[in-house]
Amino acid sequence: MIILNLMANILLNVLIAFLVGSVLFGLQRKIMARIQMRPGPPVIQHLLHTLKFFIKESSFPKTAAMPFYIAITAMLCFIWVAAVIVGPVTGGSLLLIFAVYAIHKIVEHNAGSSSGSPYGKLSCVRAVFSAAAEVPLFAVLIIIYFATGTMNLDQIVSFQATHGPLIYSIPLAAIMFFVLLLSKAPYSPFAITKGKDIISGYETEHFGVLRGYLMISESIAWYMLLWVFLTVFIGGLSPLWYLVGMVILSSIVAFINATTPILNPNHSIMAQVSLAIIGIVGSFAILLY
Amino acid sequence: MDKLKVMSYLIFIISLAGIIYALLFSPPNWIVYAISIIFIPTGILSLGLIVMKRGPEEDEEDKNREPFIGY
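Reading guide: rules and limits
- Along every chain, residues carry numbers that run from 1 in the direction the sequence is written.
- Whichever chain is written first becomes A and whichever ligand is written first becomes 1, with later ones labelled in order.
- Under the rules for a predicted model, residues below a pLDDT of 70 receive no local features and side-chain atom pairs below 80 are neither given nor counted, while totals for whole chains, interfaces and linings still include all residues.
- Secondary structure follows DSSP: runs of H or I at least 4 residues long count as helices, runs of E at least 2 residues long count as strands, and numbering of each begins at the N terminus.
- Every radius of gyration here is taken over C-alpha atoms, with the globule rule written as 2.2 Å times N^0.38, N being the number of residues.
- Three classes are used. A residue is buried when 20 or more other C-beta atoms lie within 10 Å of its own, exposed when 12 or fewer do, and partly exposed in between, with C-beta atoms placed from the backbone.
- Residues are scored as being in contact if the C-beta atoms we place from backbone atoms lie within 7 Å.
- This arc is taken over the directions from the axis of the helix to the C-beta atoms.
- Any residue that is not Ala, Val, Leu, Ile, Met, Phe, Trp, Tyr, Cys, Pro, Asp, Glu, Lys or Arg is counted as polar, Gly included; the first ten are nonpolar and the last four charged.
- One number per residue, pLDDT, summarises how confident the predictor is, and it ranges from 0 to 100.
- The span you would expect from a helix comes to 1.5 Å times its residue count less one.
- When buried Ala, Val, Leu, Ile, Met, Phe, Trp, Tyr and Cys residues are joined through C-beta atoms within 7 Å, the set is termed a nonpolar core.

Caption draft 1: Structural view of the overall build of chain A. Counting its regular elements, chain A contains 12 helices and zero strands. Tracing chain A from N to C terminus, the helices and strands come up as α-α-α-α-α-α-α-α-α-α-α-α. Taken over the C-alpha trace, chain A has a radius of gyration of 19 Å; the compact-globule value for 289 residues is 19 Å, and the two agree within 12%. By its C-alpha atoms, chain A is 60 × 50 × 40 Å across when sized along the principal axes. Expressed as a percentage of the 289 residues in chain A, the buried residues total 51%. Expressed as a percentage of contacts within chain A between residues at least 6 apart in sequence, the contacts between residues at least 24 apart total 76%.

Shown next, in the form of structure tokens:
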């Protein structure tokens, strides 16, 4: 068995997160297309797009707030590389994953406002709006804490090894987290920050190399959210089972996305808040009785 | 070479050097975390800024012209 030093381990995990996340996004588009009776792009199309954008002609809009316009794209990558370190590399605290997610919302907000585009600015407002609904969904952490007595990922995995997967004991919390996952998927009913009514939302004016860079971070983010779901609610899995789990979750998400329209912001927020309330109250009721 | 290119090359070289240092010398964990969180993203971004295609100089004016921004 090859023992990697810490840096090599981190590099390998970031690379895996990027490649698997990209292919899962491609798979999602493929499944959505087949459901809608279209041939759809190849599964590796998202990955190819990401790489292609790096060599496309790029320029920066005059209305962009430089250097913030570029720096905010790097911020998204900083936080998701940090999430990879907290998650698969060290098995650290779930609270740090929550912090990463909260900063992701701030990045959506600031990427929109820094571009100077009205579409970006509308998306920036929607990012704040959706944060009001998605952050309560992350209250799932409190439920996990009450169920397991820890926030540490490794200890949650050990807890499940003796008590069975948490998805059976706190199913409503798993549904809440799944809704959170769904909110981050492209074409999701809750993807109001990237609704097609505002072109590409906060990414509208980030094209060329910066779009490719954002796509790398988003692929890592998707992989990480799936990884956290599987680790927290199913338990420690082998790499193959992680992959199977991720494919299944991405397929379910693709099915939902293909068959539902993007909700308008009010409906999206109300649906998420309602689910959060049902999830929190219901989970505490299950834990108490 | 413009300012952006020079900066990109500089950041790319620093990022690469940081990553190679952490790979070869295995410094304390917190230094490796800091190097990873900062230099992996800056390395990718600076590489992107180096390899991206720039349009012809004469088109620059057209691209920078104030667009209609709706208000």
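Caption draft 2: Summary view of helix α6 (residues 140-148) of chain A. Listed as buried for α6(A) are A:Val140, A:Ile143, A:Ile144 and A:Thr148. Along the axis of α6(A), the buried residues cluster in a sector spanning 115 degrees; they form a single face.

Caption draft 3: Summary view of the interface of chain A and chain B. Across the contact, 27 residues belong to chain A and 27 residues belong to chain B. Mapped by element, the contributors of at least two residues to the side of chain A that touches chain B are α1 (6-35), α2 (45-55), α3 (68-89) and α10 (209-233) of chain A. The biggest single contributor to the side of chain A that touches chain B is α3(A), with six residues. Its residues placed into classes, the side of chain A that touches chain B shows 17 nonpolar, seven polar and three charged.

Caption draft 4: Highlighting the confidence of the model for chain B. Here chain B shows a mean pLDDT of 84. Residues at 70 or above account for 80%. Here the prediction assigns the complex a pTM of 0.92, and the interface score ipTM is 0.86.

Caption draft 5: Main features of α10(A). All names here are of chain A. Along its 25 residues, α10 runs 36 Å from first to last C-alpha, staying within 8% of the 36 Å computed at 1.5 Å per residue. Across the 25 residues that make up α10, a large majority, 25, are buried. Positive backbone phi, approximately 115 degrees, marks glycine 235, located one or two places after α10.

Caption draft 6: Representation of the nonpolar core. Of all hydrophobic cores here, the largest spans 99 residues; its most connected members are A:Trp80, A:Leu181, A:Met224 and A:Phe229. The greatest single-element share of this core, amounting to 19 residues, is contributed by α10(A).

Caption draft 7: Region of the structure containing unusual backbone geometry. All names here are of chain A. Phi at methionine 37 is positive, roughly 60 degrees, even though this residue is not glycine. Within the fold, methionine 37 resides in the loop between α1 and α2. Residue class for methionine 37 comes out exposed when judged on the 7 C-beta atoms lying within 10 Å of it. Phi is positive for tyrosine 187, which is not a glycine, with a value near 65 degrees. Since 19 C-beta atoms lie within 10 Å of it, tyrosine 187 is described here as partly exposed.

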